[in-house]
Structure formats: structure tokens, C-alpha cells
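Notes for the structure review
Listed here are the chains, written in short residue letters.
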Amino acid sequence: MKRALERLYNGIIKENPTFVLMLGMCPTLATTTSLMNGIGMGLTTTLVLVLSNVVIAALRNLIPNGVRVPAYIVIVATMVTIVQFLLEAYLPSINDALGIYIPLIVVNCIILGRAESYASKNPVIPSLFDGLGMGLGFTVALSLLGAFRELLGAGTVLGYRIIPEDFSISIFVLAPGAFFVLACLVAVQNKIRAAKGKKPQEGCNGDCSGCTNRCGNPKEEVEA
Amino acid sequence: MKELLLIAVGSALVNNVVLSQFLGLCPFLGVSKKTSTAAGMGAAVIFVITIASACTSLIYTGILVPLDLTYLQTIVFILVIAALVQFVEMVLKKMVPSLYRALGVYLPLITTNCAVLGVAILNVQKEYTLLKSVVNGLGTAVGFTIAIVILAGIRERIEYNDIAPSFKGMPIVLVTAGLMAIAFMGFAGVI
């Protein structure tokens with residue numbers, strides 16, 4: 001139980017995939033035009049992450065080391081396909097709003113990163129909570145971004161009007177607004193880190209194996 | 001012919017893959033510190049996306065549709081792209097060593113570039129023929145190269161500027177990208 005809570009805390013706060021590790025930028029910027037879309041994308045990714053972490057952790061002793069990455073990709077792609085069909089059947093509005101970004105969950109660095117650095121080395125139950133924690137951390141970040149963009153761009157939150165229509169700045173709902181809002185959120189975080197005496201945030205260098213290494217916490221591996 | 005031109009301009013400028021669709025952001029933000037590496041990455045992306053759109057389009061219409069297996073598209077496409085990148089790397093190493101030396105380091109990074117898979121899926125969604133898919137892929141990749149080279153140029157210029165401490169690093173790059181996105185919105189009237 002203690003370990004499960006530790007995993008959740010780690011995913012949501014300590015190693016938040018968006019704000020701390022800077023992973024999975026594409027869906028973060030693309031699907032946060034409103035709070036609802038942000039939550040939808042976050043929860044969809046969480047579901048895929050939990051399912052694939054559980055399957056990979058269960059099969060971790062069966063998958064030969066040499067072909068593990070292709071094997072993980074197949075497992076993740078299968079889970080994404082299943083989740084996509086579930087959304088098409090039960091939540092068609094979310095499915096239409098997220099569109100092409102649902103199949104693209106396959107190439108989200110967070111999922112392969114967690115598979116490689118956590119699920120492949122740990123039993124099923126901790127991996128489940130690791131996936132849940134990371135997924136919820138991603139959801140929190142996407143909701144925050146979505147809420148800011150919807151509030152500034154359309155003057156509403158979850159469809160309820162807060163700022164009168166005349167004062168909304170529509171650029172925040174469009175593509176450039178995504179970059180500006182994320183820039184400000186990362187800058188705020190840098191400010192907090194600077195106050196704690198840490199170095200500012202560096203993005204990933206486009207190399208997902210680098211991201212995987214950063215996800216991996218050497219201390220945990222010794223424990224496991 | 002006119003239709004092909006419209007697809008190419010549309011995917012390269014109007015719906016720029018990075019600045020309006022947010023695909024391929026990791027390399028866009030990560031490999032844009034220097035113009036030369038940005039151009040190398042762009043060239044590798046043009047190469048891979050063009051071949052990948054041809055392959056995935058052929059496999060979709062030739063194998064998945066006749067066998068009624070279209071629901072497997074995500075799984076098949078990602079495996080095809082991963083295998084293709086490996087294959088291209090091996091062929092280049094053997095046949096064109098000079099090109100391999102120029103592009104080699106960028107090729108492994110491309111498997112995880114979501115623009116490649118994104119273009120393949122968009123081609124299927126829009127029901128493009130083989131020729132249209134290749135033109136769309138090429139246009140998208142050229143758009144990516146334009147965007148990443150411009151961003152690298154700007155980053156080289158602002159490196160020694162006096163930037164507020166909190167905005168140093170990633171935030172200022174994101175702001176730059178946002179301003180570029182506003183500029184690219186001007187292309188919306190072209191088509």
C-alpha cells in the first residue's frame with residue numbers, strides 16, 4: 001500500500017511527465033484547446049499507460065531482451081487500438097475531438113519510457129500504480145493547460161462562461177496560444193526551481209532513449 | 001496536377017506539421033540548437049516520411065483493405081515505420097556512405113517522431129491515392145524542415161541575448177515557436 005501511494009505521488013508531483021520530465025509534448029499542446037479535451041486526452045493516455053504497464057510487467061520474464069522494444073511497441077499499439085474502439089463506441093464526442101491524436105498515443109514517449117524504465121523491471125501491482133500515477137500526472141498537466149487556454153481564449157471553463165465574450169482572446173485557443181501558455185507554465189516552474197536552488201528545465205533532445213534514462217530512477221532499481 | 005500542388009502547399013505551409021498540428025515537436029524543440037544539425041534532421045525527415053508514406057499507402061490499399069484488416073492500421077503502420085527506418089539506415093550505410101555520414105545520427109531518432117505515423121494515418125483518413133500520399137508526405141516533411149531551420153536560426157541569434165532568468169532555456173524557445181506559429185497563420189489565406 002505504501003509503495004502504491006509512493007508511486008502515485010512520484011507520478012503526479014515528483015516526476016510529473018509534462019512539467020518535470022518534459023515528455024509527450026505533441027498531445028500536450030495539440031489537444032488542450034479546452035479543459036474537457038485536456039481531461040479526455042489525459043484519461044485516455046492514463047488508460048493506455050495502465051493497461052500496457054500491466055501487460056508488460058506480466059510478460060517481463062518472457063520477452064527476450066534483444067527484441068524488447070519492438071515487443072513493447074506491439075503491446076502499446078494493441079492497447080491503443082482497443083481503447084480507440086472503446087471511445088468510438090461509448091464516447092464518440094471525445095473521439096471526434098481528439099481525432100488523430102488517439103492513434104498517436106503509440107508514439108508518446110511517456111508510455112515507452114515507463115515500459116522501459118519501470119514496468120520491465122517490476123511486478124504487476126507496482127507497475128499498475130506507476131502507470132496510474134504517471135497518467136494522472138499527465139492528466140493534471142493537460143487539464144491545467146486546457147483550463148488556462150479555454151479561460152483566456154473562449155472565456156469559459158467546461159462550457160460555463162466566466163469572462164464576457166467581448167474580452168476573450170481567441171489566439172489562445174489557436175495553435176500559437178498553446179506555445180505561449182506552456183512557455184509561461186514552464187517559466188513559473190523554473191522560478192520555483194530557482195528559489196529551491198535547482199537548475200532550469202531542459203527539454204528532451206529528440207532522443208527517446210535519453211528520456212527513458214531520465215525517467216529511470218536508479219535508486220528504485222536497486223530496491224526492486 | 002493542380003490538386004497535387006494544392007496538397008503540397010497545404011501540407012507544407014498552411015497546415016504546417018509542427019506549428020499548426022503539433023506533430024514532431026520533440027525533434028523540433030530538441031534538435032534545433034544549431035542550423036546545421038537542424039538542416040540534417042530536416043533532410044533525414046524528408047527522406048523517411050516520403051518513403052514511409054509510399055510504403056504505408058501501398059500496404060493499406062494492397063493488404064489491409066482486401067483482407068478486411070483495416071482495424072490493425074495503427075499496429076501495422078508503427079511496425080512498418082520502425083522496420084523501414086532500420087532498413088533505410090542499413091541500405092544507406094552499405095550503398096551511399098556519404099549520405100549515411102550526413103544523416104546517420106538522425107535516423108534512429110525518427111522512429112519516435114510522431115509526424116511519420118501522423119502523416120501515414122492522415123493519408124488513410126483522407127483516402128489519398130498512392131501519388132497523393134507521397135506528395136502529402138513530401139510536403140509535410142518540407143514544412144517540418146522549413147520550420148526547424150527557421151527556429152534554429154532564431155535560437156542561434158538569441159543565445160547571447162539578455163533573457164529573463166525564468167524564461168531561459170525551454171520557455172523562450174516555446175515563445176519563439178508561438179510567434180512563428182502566428183506568422184505561419186498568415187498562410188491560411190493562400191488556399
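Predicted, not measured: the structure shown is a model, and the values here were computed from it.

**Remarks on the overall build of chain B**
In terms of regular secondary structure, chain B is built from nine helices and zero strands. Taken from the N to the C terminus, the helices and strands of chain B come in the order α-α-α-α-α-α-α-α-α. Taking 16 Å as the expected radius of gyration for a compact globule of 191 residues, we find that chain B reaches 17 Å, a close match to that expectation. Considering only C-alpha atoms, chain B reaches an extent of 60 × 45 × 30 Å along its principal axes. Relative to its full complement of 191 residues, chain B shows a buried share of 51%.

**A few points about the interface of chain B and chain A**
In this assembly, 40 residues from chain B lie in contact with 40 residues from chain A. With both sides pooled, the region where chain B packs onto chain A buries about 3400 Å², and carbon together with sulfur makes up 81% of that total. When residues of chain B are sorted by the area they lose upon contact with chain A, F22, C26 and L174 of chain B head the list and together hold 18% of the total. On the surface where chain B and chain A come into contact, there are zero salt bridges. On inspection of chain B and its partner chain A, the count reaches two residue pairs in polar contact (both at pLDDT 80 or more).

**Structural notes on the environment of A120 of chain B**
Residue and element names in this part refer to chain B. With respect to the element layout, A120 can be found in helix 7 (residues 114–125). A120 gets classed as buried once you look at its relative accessible area, which sits at 3%. Along the sequence, A120 and I78 sit 42 residues apart, while their C-alpha atoms lie 9.4 Å from each other. The residues touching A120, leaving out its near neighbours within four places in the chain, are T56 and F77.

**Quick notes on the pattern of salt bridges**
All names here are of chain B. Scanning all chains against the criterion turns up six salt bridges over all chains. Between E3 and K132 there is a salt bridge, and its shortest N-O distance comes to 3.0 Å. Taken as a pair, E3 in helix 1 (residues 2–14) and K132 in helix 8 (residues 130–158) lie far apart in primary sequence, 129 residues in all.

**A closer look at the nonpolar core**
Counting residues in hydrophobic clusters, the biggest one holds 106 residues, and the most contacted among them are F179 of chain A together with L25, F28, M41 and L117 of chain B. If we skip the residues at most four places from it in the chain, L117 of chain B touches P103, L104, V106 and V107 of chain A together with F77, I78 and I81 of chain B.

**Comments concerning the packing of helix 6 (residues 109–119) of chain A against helix 7 (residues 124–154) of chain A**
All names here are of chain A. Orientation of helix 6 relative to helix 7, taken along the N-to-C sense of each, is 150°, at an axis distance of 11 Å. Considering the angle they form, helix 6 stands roughly antiparallel to helix 7. The chirality of how helix 6 crosses helix 7 is right-handed. For the pair helix 6 and helix 7, the contacting residues are I110, R114, Y118 and A119 in the first and P126, S127, D130, M134 and F138 in the second. Its residues placed into classes, the contact of helix 6 with helix 7 shows six nonpolar, one polar and two charged.

**Things to note about unusual backbone geometry**
Residue and element names in this part refer to chain B. Located in the positive-phi region is D68, a residue other than glycine, with phi close to 60°. Relative to the assigned elements, D68 resides in the loop between helix 3 (35–64) and helix 4 (73–95). Although it is not a glycine, E127 adopts a positive phi angle of roughly 55°. Checked against the element boundaries, E127 lands in the loop between helix 7 and helix 8. Residue E127 is classed as exposed on the basis of its relative accessible area of 71%.

**Observations regarding the environment of V190 of chain B**
Residues and elements named next belong to chain B. Mapped onto the elements, V190 comes out in the segment after helix 9 (170–185). For V190, a relative accessible area of 53% translates into the label exposed. Separated by 175 residues in the primary sequence, V190 and N15 place their C-alpha atoms 11 Å from one another. Discounting chain neighbours no more than four positions away, the residues touching V190 are V9 and V14.

**Examining the side chain of T46 of chain A**
Residues and elements named next belong to chain A. Here T46 lies in helix 3 (residues 35–58). On the accessibility criterion, T46 (5% relative accessible area) is buried. Here T46 is in contact with L132, G135, L136 and T139, once residues within four sequence places are set aside.

**Focus on the packing of aromatic side chains**
Centre distance and the angle of the planes are the two values used to describe a pair of aromatic rings. With the rule as written, the count across this model stands at three aromatic pairs over all chains. For the ring pair F179 of chain A and F22 of chain B, a centre distance of 5.4 Å and an interplane angle of 50° mean the geometry is tilted. Of this pair, F179 of chain A sits in helix 8 (residues 175–195) while F22 of chain B sits in the loop between helix 1 and helix 2 (25–30), on two different chains. In this structure, F179 of chain A and F22 of chain B share a single accessibility class: buried.

So, how was this worked out
Residues numbered from 1 in each chain as written. Chains lettered and ligands numbered in written order. Predicted model: local features only at pLDDT ≥ 70, side-chain atom pairs only at ≥ 80, totals over all residues. Heavy atoms only, no water. Helix = DSSP H or I, 4+ residues; strand = E, 2+ residues; numbered from the N terminus. Rg over C-alpha atoms; globule rule 2.2 N^0.38 Å. Buried < 20%, exposed > 50% of the residue type's maximum accessible area, 1.4 Å probe, protein only. Contact = heavy atoms within 4.5 Å. Buried area = accessible area lost by both parts, 1.4 Å probe. Salt bridge = Lys/Arg side-chain N within 4 Å of Asp/Glu carboxyl O. Polar contact = N/O pair within 3.5 Å; in protein donor to acceptor, adjacent residues only side chain to side chain. Core = buried A, V, L, I, M, F, W, Y, C linked by side-chain atoms within 4.5 Å. Axes fitted to C-alpha atoms, helices over the stretch in contact; angles between N-to-C directions. Parallel < 35°, antiparallel > 145°, perpendicular 65-115°, else oblique. Left-handed = near helix turned anticlockwise from the far one by under 90°. Nonpolar A, V, L, I, M, F, W, Y, C, P; charged D, E, K, R; others polar. Phe/Tyr/Trp six-rings, centres within 6.5 Å; stacked < 30°, edge-to-face > 60°.

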